[in-house]
Amino acid sequence: MLNTKEHFKQIDATLAVKKLDNETAALDSLLEEISDDKSASVAGGAVKNFSGTVNQGFAILPTVYKTTRQFNDISIRLTKNPYPLFVFAPRPSGGNVNTYYRYIPADYHGVVTVAADVKDGTSFRLGFSSPSEATFKIAGRTTF
């Protein structure tokens, strides 16, 4: 049996956890609202949805994007990726905007910076490579 002081400490700890859970839920809700806004990113860059099929571990999506002056990074947030991937930003004319591939674990839905400090007006596509030889669908949003 707890004495009164220990009992109130336990109640305080329970209330603190509930308050933290409520604050976390409120932040999650705000982040979801922001991620659902398809008009612009928090930093003011353009936001576009994309989807495609990774065939036997490789895909370069056909859409060509052009970086904006409001946002100097190329970022993505996948909403569907059942297998681990590497993402890169190939230039339509050849070569890559970024110098390395970024790893994305399976079912990861956080923001991934594909390339940082990209010059305004740079044309790019989204490319994906997977260690899996499976064919699978991907979907998400890019900010640039």
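Note: the structure precedes this text.
Per chain, the residues get numbers from 1 upward, laid out in the order the sequence is written. pLDDT decides what is reported in this predicted model: residues at 70 or higher carry local features, side-chain atom pairs at 80 or more are listed and counted, and totals for whole chains, interfaces and linings draw on all residues regardless. Each side-chain value is worked out from all heavy atoms of the structure, with water and hydrogens disregarded.

Undergrad: Explain the overall build of the protein to me, using residue names and the numbers behind them.
TA: Think of it this way: any DSSP run of H or I at least four residues long counts as a helix, any run of E at least two long counts as a strand, and we number them from the N terminus. Helices and strands together make up the secondary structure of the protein, namely one helix and 10 strands. In the protein, the succession of helices and strands from N to C terminus is α-β-β-β-β-β-β-β-β-β-β. A 1.4 Å probe rolled over the protein chains alone gives each residue an accessible area, and that area as a share of the maximum for its type sets the label: buried under 20%, exposed over 50%, partly exposed in between. The proportion of buried residues among the 144 residues of the protein is 33%. Look at the contacts in the protein between residues 6 or more apart in sequence, and 79% of them connect residues 24 or more apart. Here the accessible surface of atoms and residues is derived via Shrake-Rupley with a 1.4 Å probe, and residues count as covered only by protein chains that are part of the display. Split by element, the accessible area of the protein, about 8900 Å² in all, is 54% carbon and sulfur. The criterion used for residue contact is that any of the two residues' heavy atoms lie within 4.5 Å.

Undergrad: Outline the sheet that holds strand β9 (residues 127-129), supporting the account with residue identities and numerical values.
TA: Here a strand pair is declared whenever DSSP counts at least two bridges between the two strands. Judged by pairing direction, the sheet is antiparallel, and its four strands sit side by side in the order β2-β9-β5-β6 without closing on themselves. Here the strands that pair on one side only, and so sit at the sheet edges, are β2 (58-60) and β6 (102-104). Going from strand to strand, the sheet's axes swing by 25° on average, the running direction of each strand aside. Alignment of β2 against β9, held across three bridges, turns out to be antiparallel. Of the residues in β9, the one forming a bridge with Ala59 is Phe128. Lines fitted to the C-alpha atoms define the axes, with helices restricted to the stretch that makes contact. Angles between their N-to-C directions range from 0 to 180 degrees.

Undergrad: Give a description of the sheet that holds strand β1 (residues 47-54) that names residues and reports values.
TA: One open sheet accounts for four strands, arranged β1-β10-β4-β7; its pairing is antiparallel. Of all strands in the sheet, those with a lone pairing partner are β1 and β7 (111-115), marking the two edges. If you compare each strand with its neighbour and ignore which way they point, the axes differ by 35° on average. Note: strand β4 (residues 74-80) against strand β10 (residues 136-143), five bridges, orientation antiparallel. Its bridge partner lying in β10, Arg77 is registered against Arg141.

Undergrad: Outline the environment of Arg91, supporting the account with residue identities and numerical values.
TA: The residue Arg91 is located in the loop between β5 (85-88) and β6 in this model. On the accessibility criterion, Arg91 (35% relative accessible area) is partly exposed. Sequence spacing of Arg91 and Leu126 is 35 residues, and the spatial spacing of their C-alpha atoms is 8.9 Å. With residues up to four places along the chain from it excluded, the contact list for Arg91 reads Asn96, Val97, Thr122 and Ser123.

Undergrad: Provide a residue-level description of the side chain of Arg141, including the pertinent values.
TA: Looking at the secondary structure, you find Arg141 in strand β10. Here the side chain of Arg141 touches Asn49 through a polar contact of 3.3 Å, side chain to side chain. Whenever a nitrogen or oxygen atom comes within 3.5 Å of another N or O atom, the pair is scored as a polar contact, on the condition that within protein one atom can donate a hydrogen and the other can accept it, and that pairs from neighbouring residues in sequence are kept only if both atoms are in side chains.

Undergrad: Help me get a handle on unusual backbone geometry, residues and values and all.
TA: The backbone of Asp107 shows a phi angle near 60°, a positive value even though the residue is not glycine. Secondary-structure assignment places Asp107 in the loop between β6 and β7. Unlike most non-glycine residues, Asp117 shows phi in positive territory, near 55°. The topology assignment puts Asp117 in the loop between β7 and β8 (123-124). On the basis of relative accessibility, which here comes to 62%, the residue Asp117 falls in the exposed class.

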